[in-house]
Amino acid sequence: MKTIYETKGAAKEYCELAVDIYKNCPHRCKYCYEKAKVERKGNEFSFKGVRENIIEETRKYLEEHKEIYGKMIFLGFSADPLPTNEDISKTLEMIKLLKEFNCKIMFCTKGSLSNEIIKECIKLSDSVGITLTCGDEMAKIYEPYASLPSERIKILEYAKKYGKETWISFEPVLEPEYILNLLNSNLMDIVDIVKLGKLNHMNLSDLTENVEDIIDWKDYGTKAIEICKKRNINYKVKYALEKEL
């Protein structure tokens, strides 16, 4: 089984090593590339749960690869490590296992502070991120099974309380003005770095089925960078957005 692996492409912009705990993600975001792949084949997308023997296989891999000890491991690019309304006990098991081998933990989630397991995962991690793409009302439509953006922000507040590195992935982008407003808000006081991206694999009009929904990526990216520079916000421009500039 493939356990800890070297990342490629856009994933490498976040972390060089990762491990996927779940087979896929239950959030069913309308823009999800993995979900679209399943549906293009005429199949119905459904949550498949935890990968079989992932903890045991990862332990075996760690025992055989001492060069990984002490390095940062990203929890899940193909699936959220803290999926909403699902059993996340395996995520906590994985974090404890990686810590046993002195690895550092990074994750990004659309989950919420809904139980003590999530809080324990945050306390044991090193770098905690959330994905924000749009405001609550739009998220109810296009991220139907994820927690609301306003709930995700509480994760950063909790992580900062325990001295963790905090960050936001603004990717994909569905509502530019929402993101620009956040960059101008007090939320940035508890955020160590923001990662600026765009909507990939489709246009906003494809998602909303409204031909007038067009995002000027150069305008958005320029404004976002200007705000970051003006407010001394630590930022990274993702490659996909950088090409638009």
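To be clear, the structure that these remarks concern was listed above.
Residues numbered from 1 in each chain as written. Predicted model: local features only at pLDDT ≥ 70, side-chain atom pairs only at ≥ 80, totals over all residues. Heavy atoms only, no water.

Caption draft 1: How the structure looks around the nonpolar core. Ile168, Phe170, Leu183, Val194, Leu196 and Tyr220 are the most contacted members of the largest nonpolar core, which has 68 residues in total. If one sorts the elements of this core by residue count, helix α9 (residues 217–230) sits on top with 6 residues. Discounting chain neighbours no more than four positions away, the residues touching leucine 183 are Phe170, Met188, Val194, Leu196, Ala224, Ile227, Cys228, Arg231 and Ile233. Counting residues in hydrophobic clusters, the runner-up holds 9 residues, among them Tyr14, Met106, Cys108 and Trp167. (Core = buried A, V, L, I, M, F, W, Y, C linked by side-chain atoms within 4.5 Å. Buried < 20%, exposed > 50% of the residue type's maximum accessible area, 1.4 Å probe, protein only. Helix = DSSP H or I, 4+ residues; strand = E, 2+ residues; numbered from the N terminus. Contact = heavy atoms within 4.5 Å.)

Caption draft 2: Spotlight on the pattern of salt bridges. With the rule as written, the count across this model stands at 12 salt bridges. Note that lysine 90 is salt-bridged to glutamate 93, the shortest N-O span being 3.5 Å. Linking lysine 90 with glutamate 93, this pair stays in helix α3 (residues 89–100), spanning 3 residues, or about one helical turn. Taking relative accessible area as the criterion, lysine 90 reaches 26% and is therefore assigned partly exposed. In this structure, the salt-bridge partner of arginine 152 is glutamate 143, at a minimum N-O distance of 2.6 Å. Here the two residues arginine 152 and glutamate 143 agree in accessibility, since each one is buried. (Salt bridge = Lys/Arg side-chain N within 4 Å of Asp/Glu carboxyl O.)

Caption draft 3: Up close: the sheet that holds strand β8 (residues 235–237). Overall, mixed pairing links the 8 strands, which are arranged β1-β2-β3-β4-β5-β6-β7-β8 in an open sheet. Edge strands, defined here as strands with exactly one partner in the open sheet, are β1 (5–6) and β8. In this structure, strand β6 (residues 165–170) lies alongside strand β7 (residues 193–196), joined through 4 bridges in parallel fashion. Bridging from a neighbouring strand, phenylalanine 170 pairs with leucine 196 of β7. Seen against the sheet, α9 touches β6, β7 and β8 and runs at an angle of roughly 165 degrees to β7. (Pairing = 2+ DSSP bridges. Axes fitted to C-alpha atoms, helices over the stretch in contact; angles between N-to-C directions.)

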